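# Working through the structure, step by step
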Amino acid sequence: MRKNRSTALAAASFLLLAGLSIATAPSAYAGTPGSTHADDRNSDFNGDGYEDVLVGAPGATVSGKKGAGLVTVQYGSSRGIGTTGAALFSQSTAGIAGAAETGDGFGRAVATGDLDGDGYDDAIVGIPGEDIGTVADAGGIVILWGAEAGLTGAAGDWLEAQEPTAGEQFGAGLAAAHFTNDTPGDLLAVLDRDELQLFGYDAAAAGSLERRSSARLSARAAERDILPKSLTTGDYDDNGFADLVVSGVTAGDEPGHGWSSYLSGHADGLTYERDVRGGPVAASGDIDNDGYDDLVTGEPNSPDDGGETTTGGVVGVRYGGESGPADEVQWWTQDSASVPGIAERGDGWGTDLSVADTNGDGYADVAIGAAGEDIGTVADAGAVWILRGAAAGLTATGASSWDQDSADVPGVPEKGDKWGGQVRLTDPNKDGRFGLLASAPGENAGDGFVWVLSAGAGGVTASGSWTYGADTLGAPSLGAAFGAAIDE
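For every chain, the first residue of the written sequence is number 1, and numbering continues from 1 onward in sequence order. Per-residue local features of the predicted model are confined to residues with pLDDT of at least 70, and side-chain atom pairs are confined, for both listing and counting, to 80 or more; whole-chain, interface and lining totals are unaffected and use all residues. Think of the side-chain values as coming from all heavy atoms in the structure, minus any hydrogens and water.

## Focus on the sheet that holds strand β18 (residues 294–299)
The condition that has to hold: For two strands to be treated as a pair, DSSP must find no fewer than two bridges joining them. To qualify as a helix, a DSSP run of H or I must reach at least 4 residues; to qualify as a strand, a run of E must reach at least 2; elements of each kind are numbered from the N terminus. Angles here are taken between N-to-C directions and fall from 0 to 180 degrees, while the axes themselves are lines fitted to C-alpha atoms, restricted in helices to the stretch in contact.
Taken together, 4 strands build an open sheet; the order of strands is β17-β18-β19-β20 and the sheet is antiparallel. Where the open sheet ends on each side, the last strands, each with one partner, are β17 (281–285) and β20 (330–332). When the angles between neighbouring strand axes are averaged without regard to direction, this sheet yields 20 degrees. Summarising the sheet, strand β19 (residues 314–318) and β20 pair through 3 bridges and their orientation is antiparallel. Residue pairing in the sheet places Gly316 in a bridge with Trp331 of β20.

Quick look at the structure:
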């Protein structure tokens, strides 16, 4: 198997020296939500100015191999996204390294960014179940380079750990952004079981990435252990460089509490700043339109001090400022005033998050998935909420929620659908209003589907909504878990 071109570690450029206390792989629900400011969301693979949509189907059977996985790409246009002209990629695609193997999970994590600085965003696909030789579940990553004609498998890059180990799951968490001035393009942040690594484009060897730095995420003395679940980015201090947040839950004596580690971006590197309460899901955007991105965290299985889950999930908002995300946090649940619904154990409110402006008023809104929400007597059917941004911050005034039993939403609630397992606010027709993609990875006994709800002057609406699955795009659908990952 082709390997990445690797050079000596440049630890001086990555100032995570105090270390994060993080030590295992991400959860099944958490993808890699988050972006820098909403006008630079890193999702335009063909450079035409329209956002494209990258969806993972990690359970798909490819070349007869169950769970080998695939990803689909739908290109945006003045009409938005559709089901024609979509591209499919897997390890059976010509030019992509490796081969489709049972349980690889190609597409379990996805991200995008312009890694080589050529003006075309690139697709990054995590394969945490990849075996490297005889080393099981060591993990790997495929880079699909963007171009005027869109993505192709040709000349795709391959990344793996320097010394692959069993169960490492390299590529389980991904994010790309302009963290530093180290390269003309975005740097790629990669999470595995116990290490965070940065990769940058190698201009001397076109089409390849080199390892720039790495940091063991071992526990700090007298500090909490955080088990990582996701990576997200945002310019919380508005200094022109993206910041990185590693979000997870605590281990040890008080397990299961959401915590995140904040690293600030600067011209010469990333610097560890502090840990903040909230996680293991996170997303970013400018909710109060003050020029600073805000950090939104989701804790879908929020425990009390005794470790027993007593709430239906909690979402936290920390507003950005000169020092990054604020120490003060604004907590939201389904029992918050004017939020539709009632908090119930197992709802999973905060399963996934997305932040963007749905009605064009300049304030980013927050989409919240609750994959465990019961609809009537139907367990874990799932639902999605949108809370609105405003000058004073996030508000429940005008909040909306939908599920498969809502008017104009196709389908019917079924046990285990997990509708809202992934949510993404996207603007593929470039009208300044971000519509909603909501996936149900459990739909049709695990085939998975994605719903499209458009946005107008009033924000997201179910009117005219439609749905599609892997088979709609010409991909194998049986057990595909289509929509288990959607790039933010």
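## Quick word on the environment of Glu328
Basically, it comes down to this: Note on exposure labels: buried denotes an accessible area under 20% of the residue type's maximum, exposed denotes more than 50%, and partly exposed covers the range between, all computed with a 1.4 Å probe on protein chains only. We call two residues contacting when some pair of their heavy atoms lies within 4.5 Å.
Position of Glu328 among the secondary structure elements: in the loop between β19 and β20. Residue classification places Glu328 among the exposed residues on the basis of a relative accessible area of 60%. Along the sequence, Glu328 and Arg318 sit 10 residues apart, while their C-alpha atoms lie 6.5 Å from each other. Those residues in contact with Glu328 that lie beyond four places of it in its chain are Val317 and Arg318.

## Let's talk about the pairing of strand β11 (residues 195–201)
The buried fraction of β11 is high, at 7 of 7 residues. Burial along β11 is two-sided: the face carrying Glu195, Gln197, Phe199 and Tyr201 and the face carrying Leu196, Leu198 and Gly200 are both buried. Here strand β10 (residues 187–191) pairs with β11 via 4 bridges, running antiparallel. Each bridged residue has a counterpart across the sheet, and for Ala189 the counterpart in β11 is Leu198. As consecutive antiparallel partners, β10 and β11 are separated by 3 residues.

## So, the pattern of salt bridges
As a reminder, the rule being used: The working definition used for a salt bridge is a side-chain nitrogen of Lys or Arg within 4 Å of a carboxyl oxygen of Asp or Glu.
Within the structure shown, the criterion is met by 4 salt bridges. Glu299 is the partner of Arg277 in a salt bridge, and the nearest nitrogen-oxygen pair spans 2.8 Å. Linking Arg277 in strand β16 (residues 269–277) with Glu299 in strand β18, this pair joins segments that are 22 residues apart in sequence. Residues Asp365 and Arg388 are paired through a salt bridge, measuring 3.7 Å at the closest nitrogen-oxygen approach. Here Asp365 is found in strand β22 (residues 365–370), whereas its partner Arg388 is found in strand β23 (residues 383–388), with 23 residues between them in sequence. Just as Asp365 is buried, Arg388 falls in that class too.

## Re the confidence of the model for the chain
Note the following rule: pLDDT measures how confident the predictor is about each residue, on a scale from 0 to 100.
Put simply, the chain has an average pLDDT of 87, and 86% of its residues get 70 or more. This model gives residues 1–36 a pLDDT under 50, and the stretch forms 150 contacts once residues within four places in sequence are excluded. Segment residues 216–222 is flagged for pLDDT under 50; beyond a separation of four residues in sequence, or across chains, it makes 22 contacts in the model.

## Things to note about the sheet that holds strand β27 (residues 449–453)
Pairing in this open sheet of 4 strands is antiparallel, and the strands run β25-β26-β27-β30 from one edge to the other. In the strand order of this sheet, the two ends are held by β25 (422–426) and β30 (466–469), each with one partner. Sheet twist, expressed as the average angle between the axes of neighbouring strands with direction ignored, equals 20 degrees. Here 5 bridges tie strand β26 (residues 435–440) to β27, and the two strands are oriented antiparallel to one another. Looking at β27, one finds that Ala440 is bridged to Phe449.

## A few points about the environment of Glu195
One can find Glu195 in strand β11. By relative accessible area, Glu195 is classed as buried at 13%. Separated by 25 residues in sequence, Glu195 and Phe170 have C-alpha atoms that sit 8.7 Å apart.

## Some details on the environment of Arg274
This is how it is decided: Definition of a polar contact: a pair of N or O atoms within 3.5 Å, with one able to donate and the other able to accept a hydrogen when the atoms are protein atoms, and with sequence-neighbouring residues admitted only if both atoms are side-chain atoms.
Structurally, Arg274 is set in strand β16. A polar contact is formed between the side chain of Arg274 and the backbone oxygen of Ser323, at a distance of 3.2 Å. A distance of 2.4 Å separates the side chain of Arg274 from the backbone oxygen of Pro325, its partner in a polar contact.

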